Amino acid sequence: MSDESVKPSTESPAATHAPSAPRSEGAPSGGGGGHRSEGHSGGGGPRREGYSGGGGGGQRREGGGPGGPGGGPGGPRRGGKRQYFRKKKVCRFCVERVDFIDYKKAEMLQPFVQERGKILPRRMTGTCSRHQRWLGEAIKRARNIALLPFATEL
Amino acid sequence: MEERLYDLIFICRPATPEEEINKIVSTIEHSAVEHGGKIEKTEKWGTRRLAYRVSKHREGFFVYMVLRSAQSDIIKELERRLKVSDAVIKYQTVRLDEDLKRQQKLVQHRERRASRRPRKPATTPAPQQQMPPAAEQTAAS
(Lines give C-alpha, C1' and ligand atoms only; values in the text may rest on other atoms or scores of the structure.)
Protein backbone atom coordinates (compact mmCIF):
# COMPACT_ATOMS: atom_id res chain seq x y z
CA MET A 1 0.00 0.00 0.00
CA SER A 2 2.33 2.76 -1.21
CA ASP A 3 -0.42 5.21 -1.81
CA GLU A 4 0.92 8.56 -0.79
CA SER A 5 -1.95 10.71 -2.04
CA VAL A 6 -4.48 12.13 0.32
CA LYS A 7 -7.66 10.10 0.04
CA PRO A 8 -11.14 11.68 0.15
CA SER A 9 -13.18 11.43 3.27
CA THR A 10 -14.52 8.00 2.43
CA GLU A 11 -11.73 6.72 4.63
CA SER A 12 -13.33 8.12 7.74
CA PRO A 13 -14.95 4.80 8.74
CA ALA A 14 -11.51 3.25 8.74
CA ALA A 15 -10.18 6.09 10.82
CA THR A 16 -12.90 5.66 13.36
CA HIS A 17 -12.13 1.96 13.57
CA ALA A 18 -8.51 2.56 14.35
CA PRO A 19 -8.97 4.49 17.61
CA SER A 20 -11.56 2.00 18.86
CA ALA A 21 -9.15 -0.93 18.57
CA PRO A 22 -6.95 -0.82 21.68
CA ARG A 23 -3.52 -0.89 20.17
CA SER A 24 -0.46 0.93 21.29
CA GLU A 25 0.07 2.88 18.12
CA GLY A 26 -3.59 3.60 17.64
CA ALA A 27 -3.40 7.05 19.16
CA PRO A 28 -6.19 9.14 17.74
CA SER A 29 -4.07 12.25 17.82
CA GLY A 30 -2.19 13.41 14.81
CA GLY A 31 1.05 12.86 16.67
CA GLY A 32 0.66 9.12 16.53
CA GLY A 33 0.31 9.05 12.81
CA GLY A 34 2.69 11.90 12.46
CA HIS A 35 5.80 9.75 12.40
CA ARG A 36 4.49 7.95 9.38
CA SER A 37 3.24 10.76 7.26
CA GLU A 38 6.08 13.18 7.83
CA GLY A 39 5.73 15.23 4.77
CA HIS A 40 1.97 15.35 4.83
CA SER A 41 -0.51 17.61 6.39
CA GLY A 42 -2.66 16.73 9.39
CA GLY A 43 -5.39 15.69 7.05
CA GLY A 44 -3.26 12.78 5.96
CA GLY A 45 -2.56 11.70 9.52
CA PRO A 46 -5.81 9.98 10.46
CA ARG A 47 -5.92 8.30 7.12
CA ARG A 48 -2.48 6.89 7.70
CA GLU A 49 -3.75 5.41 10.90
CA GLY A 50 -6.64 3.97 9.04
CA TYR A 51 -4.29 2.15 6.74
CA SER A 52 -2.04 0.96 9.47
CA GLY A 53 -5.10 -0.10 11.40
CA GLY A 54 -6.07 -2.30 8.53
CA GLY A 55 -2.62 -3.75 8.19
CA GLY A 56 -1.94 -4.19 11.89
CA GLY A 57 -5.29 -5.69 12.64
CA GLY A 58 -4.90 -8.16 9.84
CA GLN A 59 -1.55 -9.31 11.08
CA ARG A 60 -2.81 -9.71 14.58
CA ARG A 61 -5.65 -11.87 13.44
CA GLU A 62 -3.38 -14.20 11.57
CA GLY A 63 -1.28 -14.68 14.64
CA GLY A 64 -4.16 -15.60 16.87
CA GLY A 65 -6.14 -17.56 14.36
CA PRO A 66 -4.37 -20.91 14.00
CA GLY A 67 -3.92 -21.02 17.72
CA GLY A 68 -0.22 -20.51 17.65
CA PRO A 69 2.57 -23.06 17.49
CA GLY A 70 2.21 -26.18 19.47
CA GLY A 71 -1.52 -25.72 19.69
CA GLY A 72 -1.23 -23.17 22.45
CA PRO A 73 -4.74 -22.31 23.48
CA GLY A 74 -6.04 -19.40 25.46
CA GLY A 75 -4.61 -17.12 22.81
CA PRO A 76 -5.61 -13.50 22.36
CA ARG A 77 -8.23 -13.45 19.72
CA ARG A 78 -10.80 -10.85 20.55
CA GLY A 79 -9.14 -7.61 19.75
CA GLY A 80 -6.71 -7.61 22.64
CA LYS A 81 -9.12 -7.94 25.55
CA ARG A 82 -6.82 -10.56 27.07
CA GLN A 83 -3.09 -10.37 27.40
CA TYR A 84 -1.02 -10.83 24.37
CA PHE A 85 0.96 -13.91 25.30
CA ARG A 86 -0.81 -17.20 25.69
CA LYS A 87 -0.52 -19.41 28.73
CA LYS A 88 1.24 -22.64 28.00
CA LYS A 89 -1.21 -25.43 28.63
CA VAL A 90 -0.44 -29.01 27.94
CA CYS A 91 -2.94 -31.55 26.71
CA ARG A 92 -3.72 -33.76 29.64
CA PHE A 93 -4.33 -36.76 27.48
CA CYS A 94 -1.14 -36.41 25.53
CA VAL A 95 0.85 -36.31 28.72
CA GLU A 96 -0.76 -39.46 30.03
CA ARG A 97 -0.64 -41.07 26.57
CA VAL A 98 -4.31 -41.93 26.63
CA ASP A 99 -5.45 -43.77 23.52
CA PHE A 100 -9.08 -44.23 24.22
CA ILE A 101 -11.40 -41.93 26.03
CA ASP A 102 -14.05 -44.06 27.65
CA TYR A 103 -17.52 -42.59 27.57
CA LYS A 104 -18.60 -44.79 30.45
CA LYS A 105 -16.41 -43.00 32.95
CA ALA A 106 -18.40 -39.91 33.68
CA GLU A 107 -16.04 -38.67 36.38
CA MET A 108 -13.21 -38.56 33.89
CA LEU A 109 -15.27 -36.49 31.52
CA GLN A 110 -16.61 -34.17 34.19
CA PRO A 111 -13.67 -31.71 34.22
CA PHE A 112 -14.23 -30.97 30.56
CA VAL A 113 -17.84 -30.01 30.93
CA GLN A 114 -19.16 -26.72 32.24
CA GLU A 115 -21.57 -26.47 35.10
CA ARG A 116 -24.33 -25.87 32.62
CA GLY A 117 -23.45 -29.07 30.82
CA LYS A 118 -21.73 -27.50 27.83
CA ILE A 119 -18.48 -28.90 26.51
CA LEU A 120 -15.53 -26.67 27.31
CA PRO A 121 -13.62 -25.30 24.35
CA ARG A 122 -10.10 -26.37 23.63
CA ARG A 123 -8.57 -23.07 24.56
CA MET A 124 -9.87 -23.41 28.10
CA THR A 125 -8.76 -26.93 28.78
CA GLY A 126 -5.58 -27.06 26.76
CA THR A 127 -6.51 -30.24 24.95
CA CYS A 128 -5.02 -31.00 21.58
CA SER A 129 -7.31 -31.22 18.59
CA ARG A 130 -7.27 -34.99 18.29
CA HIS A 131 -8.18 -35.55 21.89
CA GLN A 132 -10.75 -32.82 21.80
CA ARG A 133 -12.51 -34.63 19.00
CA TRP A 134 -12.46 -37.92 20.91
CA LEU A 135 -13.57 -36.14 24.01
CA GLY A 136 -16.52 -34.58 22.24
CA GLU A 137 -17.61 -37.95 20.91
CA ALA A 138 -17.32 -39.53 24.32
CA ILE A 139 -19.26 -36.75 26.01
CA LYS A 140 -22.04 -37.01 23.48
CA ARG A 141 -22.27 -40.76 23.97
CA ALA A 142 -22.36 -40.31 27.72
CA ARG A 143 -25.10 -37.74 27.35
CA ASN A 144 -27.16 -40.16 25.34
CA ILE A 145 -27.08 -42.75 28.07
CA ALA A 146 -27.83 -40.25 30.84
CA LEU A 147 -24.40 -40.34 32.43
CA LEU A 148 -23.90 -36.68 31.68
CA PRO A 149 -26.55 -34.03 31.31
CA PHE A 150 -27.38 -32.28 28.09
CA ALA A 151 -28.08 -29.02 29.86
CA THR A 152 -28.55 -28.10 33.47
CA GLU A 153 -30.29 -25.04 34.75
CA LEU A 154 -28.24 -22.86 37.01
CA MET B 1 -16.99 -60.57 7.61
CA GLU B 2 -14.82 -59.40 10.36
CA GLU B 3 -15.81 -59.54 13.95
CA ARG B 4 -17.40 -56.46 15.38
CA LEU B 5 -17.37 -55.44 18.97
CA TYR B 6 -20.30 -53.66 20.55
CA ASP B 7 -20.98 -52.07 23.88
CA LEU B 8 -24.56 -52.36 24.96
CA ILE B 9 -25.85 -50.39 27.90
CA PHE B 10 -29.41 -50.34 29.02
CA ILE B 11 -31.18 -48.79 31.96
CA CYS B 12 -34.04 -50.41 33.81
CA ARG B 13 -36.53 -48.73 36.06
CA PRO B 14 -35.12 -48.32 39.55
CA ALA B 15 -37.65 -50.45 41.36
CA THR B 16 -37.36 -53.46 39.09
CA PRO B 17 -36.93 -56.71 40.98
CA GLU B 18 -33.73 -58.63 40.57
CA GLU B 19 -35.20 -61.62 38.80
CA GLU B 20 -36.78 -59.48 36.14
CA ILE B 21 -33.45 -57.91 35.34
CA ASN B 22 -31.89 -61.34 35.16
CA LYS B 23 -34.65 -62.42 32.85
CA ILE B 24 -33.97 -59.54 30.51
CA VAL B 25 -30.26 -60.26 30.56
CA SER B 26 -30.77 -63.90 29.73
CA THR B 27 -33.21 -63.03 26.96
CA ILE B 28 -30.60 -60.81 25.40
CA GLU B 29 -27.94 -63.44 25.75
CA HIS B 30 -30.08 -66.10 24.16
CA SER B 31 -31.12 -64.03 21.22
CA ALA B 32 -27.55 -62.93 20.72
CA VAL B 33 -26.39 -66.52 20.57
CA GLU B 34 -29.22 -67.36 18.21
CA HIS B 35 -28.10 -64.74 15.75
CA GLY B 36 -24.51 -65.71 15.83
CA GLY B 37 -23.17 -63.41 18.47
CA LYS B 38 -21.43 -63.86 21.74
CA ILE B 39 -21.82 -61.96 24.95
CA GLU B 40 -18.41 -61.50 26.42
CA LYS B 41 -19.14 -59.62 29.55
CA THR B 42 -22.12 -58.59 31.59
CA GLU B 43 -21.86 -56.04 34.32
CA LYS B 44 -24.51 -54.67 36.54
CA TRP B 45 -23.67 -51.23 37.72
CA GLY B 46 -26.60 -51.02 40.04
CA THR B 47 -28.84 -48.11 40.69
CA ARG B 48 -27.32 -44.81 39.69
CA ARG B 49 -28.57 -41.32 39.51
CA LEU B 50 -29.49 -40.21 36.03
CA ALA B 51 -28.29 -36.92 34.64
CA TYR B 52 -31.79 -36.04 33.46
CA ARG B 53 -35.28 -37.41 33.85
CA VAL B 54 -36.02 -40.42 31.71
CA SER B 55 -39.61 -41.54 31.62
CA LYS B 56 -40.23 -39.58 34.80
CA HIS B 57 -37.48 -41.44 36.69
CA ARG B 58 -34.46 -39.83 38.27
CA GLU B 59 -32.59 -43.07 38.95
CA GLY B 60 -32.05 -46.21 37.03
CA PHE B 61 -30.49 -49.63 37.17
CA PHE B 62 -27.61 -49.79 34.71
CA VAL B 63 -26.61 -52.97 32.93
CA TYR B 64 -23.58 -53.09 30.68
CA MET B 65 -22.82 -55.88 28.21
CA VAL B 66 -20.11 -56.46 25.68
CA LEU B 67 -21.16 -58.21 22.51
CA ARG B 68 -19.03 -59.66 19.81
CA SER B 69 -20.61 -60.61 16.53
CA ALA B 70 -19.82 -60.99 12.89
CA GLN B 71 -23.28 -60.03 11.70
CA SER B 72 -24.59 -56.56 11.94
CA ASP B 73 -28.32 -57.25 12.02
CA ILE B 74 -28.08 -58.75 15.46
CA ILE B 75 -28.13 -55.27 16.89
CA LYS B 76 -31.48 -54.52 15.38
CA GLU B 77 -32.92 -57.61 16.97
CA LEU B 78 -31.51 -56.90 20.41
CA GLU B 79 -32.65 -53.33 20.38
CA ARG B 80 -36.10 -54.41 19.31
CA ARG B 81 -36.31 -56.67 22.32
CA LEU B 82 -35.17 -53.95 24.62
CA LYS B 83 -37.61 -51.51 23.17
CA VAL B 84 -40.48 -53.92 23.65
CA SER B 85 -39.57 -54.68 27.24
CA ASP B 86 -41.38 -52.55 29.77
CA ALA B 87 -38.69 -52.38 32.38
CA VAL B 88 -36.04 -50.94 30.09
CA ILE B 89 -36.28 -47.18 29.78
CA LYS B 90 -33.14 -46.41 27.81
CA TYR B 91 -30.60 -48.33 25.79
CA GLN B 92 -27.57 -47.54 23.70
CA THR B 93 -25.35 -49.65 21.48
CA VAL B 94 -21.92 -48.40 20.55
CA ARG B 95 -19.67 -50.02 18.02
CA LEU B 96 -16.17 -50.17 19.37
CA ASP B 97 -13.99 -52.31 17.18
CA GLU B 98 -12.70 -49.46 15.04
CA ASP B 99 -11.77 -47.49 18.11
CA LEU B 100 -9.97 -50.40 19.62
CA LYS B 101 -8.13 -51.09 16.40
CA ARG B 102 -6.95 -47.51 16.32
CA GLN B 103 -5.94 -47.73 19.94
CA GLN B 104 -3.89 -50.84 19.32
CA LYS B 105 -2.27 -49.26 16.30
CA LEU B 106 -1.23 -46.27 18.37
CA VAL B 107 0.18 -48.52 21.05
CA GLN B 108 2.11 -50.45 18.43
CA HIS B 109 3.47 -47.28 16.88
CA ARG B 110 4.60 -46.07 20.24
CA GLU B 111 6.29 -49.32 21.12
CA ARG B 112 8.02 -49.47 17.79
CA ARG B 113 9.25 -45.94 18.13
CA ALA B 114 10.41 -46.52 21.65
CA SER B 115 12.34 -49.61 20.70
CA ARG B 116 13.92 -48.02 17.65
CA ARG B 117 15.89 -45.44 19.52
CA PRO B 118 16.71 -45.30 23.20
CA ARG B 119 14.50 -42.58 24.57
CA LYS B 120 14.54 -41.06 27.95
CA PRO B 121 11.25 -41.64 29.73
CA ALA B 122 8.83 -38.78 29.39
CA THR B 123 8.36 -37.84 32.99
CA THR B 124 11.87 -37.43 34.33
CA PRO B 125 13.01 -34.00 35.47
CA ALA B 126 16.59 -35.02 34.67
CA PRO B 127 16.76 -33.20 31.34
CA GLN B 128 15.67 -30.01 33.02
CA GLN B 129 18.32 -30.37 35.65
CA GLN B 130 20.98 -30.92 33.06
CA MET B 131 20.03 -27.83 31.12
CA PRO B 132 20.91 -25.13 33.69
CA PRO B 133 24.41 -26.50 34.33
CA ALA B 134 24.99 -26.51 30.58
CA ALA B 135 23.71 -22.96 30.36
CA GLU B 136 25.96 -21.95 33.21
CA GLN B 137 28.96 -23.47 31.51
CA THR B 138 28.26 -21.71 28.27
CA ALA B 139 27.68 -18.46 30.14
CA ALA B 140 30.92 -18.90 32.04
CA SER B 141 32.86 -19.71 28.91
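To be clear, the structure that these remarks concern was listed above.
What counts, and at which threshold
Residues numbered from 1 in each chain as written. Chains lettered and ligands numbered in written order. Predicted model: local features only at pLDDT ≥ 70, side-chain atom pairs only at ≥ 80, totals over all residues. Heavy atoms only, no water. Helix = DSSP H or I, 4+ residues; strand = E, 2+ residues; numbered from the N terminus. Buried < 20%, exposed > 50% of the residue type's maximum accessible area, 1.4 Å probe, protein only. Areas by Shrake-Rupley, 256 points an atom, 1.4 Å probe, with all protein chains shown as cover. Pairing = 2+ DSSP bridges. Axes fitted to C-alpha atoms, helices over the stretch in contact; angles between N-to-C directions. Contact = heavy atoms within 4.5 Å. Expected span 1.5 Å × (residues − 1). Arc of directions from axis to C-beta. Phe/Tyr/Trp six-rings, centres within 6.5 Å; stacked < 30°, edge-to-face > 60°. Buried area = accessible area lost by both parts, 1.4 Å probe. Salt bridge = Lys/Arg side-chain N within 4 Å of Asp/Glu carboxyl O.

Asker: Outline the overall build of chain A, supporting the account with residue identities and numerical values.
Answerer: When helices and strands are tallied, chain A shows seven helices and zero strands. For chain A, the succession of helices and strands along the chain, N to C, is α-α-α-α-α-α-α. Burial status across chain A gives 36% buried among its 154 residues. Accessible area for chain A stands at about 9600 Å²; split by element, carbon and sulfur atoms hold 53% of it.

Asker: Requested: an account of the environment of Ala87(B), with residues and values cited.
Answerer: By the secondary structure assignment, Ala87(B) is in the loop between helix H2 (74-84) and strand E4 (88-95). On a C-alpha basis, the gap between Ala87(B) and Pro17(B) in space is 9.8 Å, while along the polypeptide they are 70 residues apart.

Asker: Quick one: what's the story with the sheet that holds strand E1 (residues 4-12) of chain B, residue by residue and with numbers?
Answerer: All names here are of chain B. The strand order E2-E3-E1-E4 describes an open sheet built from four strands, whose pairing is antiparallel. For this open sheet the edge positions go to strand E2 (37-54) and E4, each flanked by a neighbour on one side alone. For this sheet the average axis-to-axis angle between neighbouring strands, irrespective of direction, equals 20 degrees. Bridge count between E1 and strand E3 (residues 57-69): nine bridges; the pairing is antiparallel. The residue of E3 that forms the bridge with Ile9 is Tyr64. The strands that helix H1 (residues 18-34) touches are E1, E2, E3 and E4; relative to E2, the one it contacts most, it runs at about 135 degrees.

Asker: Tell me about H1(B), and name the residues and values.
Answerer: All names here are of chain B. If you check H1, its first and last C-alpha atoms are 24 Å apart, about what 17 residues at 1.5 Å a residue would give, namely 24 Å. Here H1 has its buried residues at Ile21, Ile24, Val25, Ile28, Ser31 and Ala32. Buried residues of H1, seen end-on, are gathered within an arc of 135 degrees and therefore sit on one face of the element. Of the exposed residues in H1, the ones pointing more than 90 degrees away from its buried face are Glu19, Lys23, His30, Val33 and Glu34. Here the buried face of H1 lies against E1, E2, E3, H2 and E4. One or two positions beyond H1, positive phi appears at Gly36, with a value near 90 degrees.

Asker: So what's going on with the pairing of E3(B)? Residues and values would help.
Answerer: Residue and element names in this part refer to chain B. When you tally the buried positions in E3, you get ten out of 13 residues, the bulk of the element. With twelve bridges connecting them, E2 and E3 associate as antiparallel partners. Pairing of Val54 across the sheet is with His57, part of E3.

Asker: If you had to explain the packing of aromatic side chains to someone new, which residues and values would you point to?
Answerer: With the rule as written, the count across this model stands at four aromatic pairs over all chains. Here the aromatic rings of Phe93(A) and Phe112(A) are separated by 5.2 Å at their centres, their planes lie at 25 degrees, and the arrangement is stacked. One end of the pair, Phe93(A), is in helix H4 (residues 92-96); the other, Phe112(A), is in the loop between helix H5 (106-109) and helix H6 (122-125), with 19 residues separating them in the sequence. Neither residue differs from the other here; Phe93(A) and Phe112(A) are each classed as buried. When the centroid spacing of 6.0 Å and the interplanar angle of 25 degrees are considered together, the rings of Trp45(B) and Phe62(B) count as stacked. Placement of Trp45(B) in strand E2 and of Phe62(B) in strand E3 is noted, with a sequence separation of 17 residues between them. For Phe62(B), a relative accessible area of 0% puts it in the buried group. Among the aromatic residues, those joined into a cluster by ring pairs are Trp45(B), Phe62(B) and Tyr64(B).

Asker: I'd like a rundown of the interface of chain A and chain B, residues and numbers included.
Answerer: Often the size quoted for an interface is simply the accessible area lost on bringing the parts together. At the junction of the two partners, chain A supplies 17 residues and chain B supplies 25 residues. Here chain A and chain B share an interface that buries about 1900 Å² over both sides, 58% of which is from carbon and sulfur atoms. Taken together, chain A and chain B are joined by three salt bridges. Where Asp7(B) meets Lys104(A), a salt bridge forms, and the shortest distance between an N and an O atom there is 2.6 Å.

Asker: Could you give an account of the pattern of salt bridges, with specific residues and numbers?
Answerer: Counted under the stated rule, the structure contains 16 salt bridges over all chains. The salt bridge partner of Arg110(B) is Asp99(A), with a shortest N-O separation of 3.0 Å. Here Arg110(B) is found in helix H3 (residues 97-116), whereas its partner Asp99(A) is found in the loop between H4 and H5 on a different chain. For Asp99(A), a relative accessible area of 8% puts it in the buried group. Of the charged contacts in the structure, one is a salt bridge between Arg95(B) and Glu98(B), with a shortest N-O distance of 3.7 Å.

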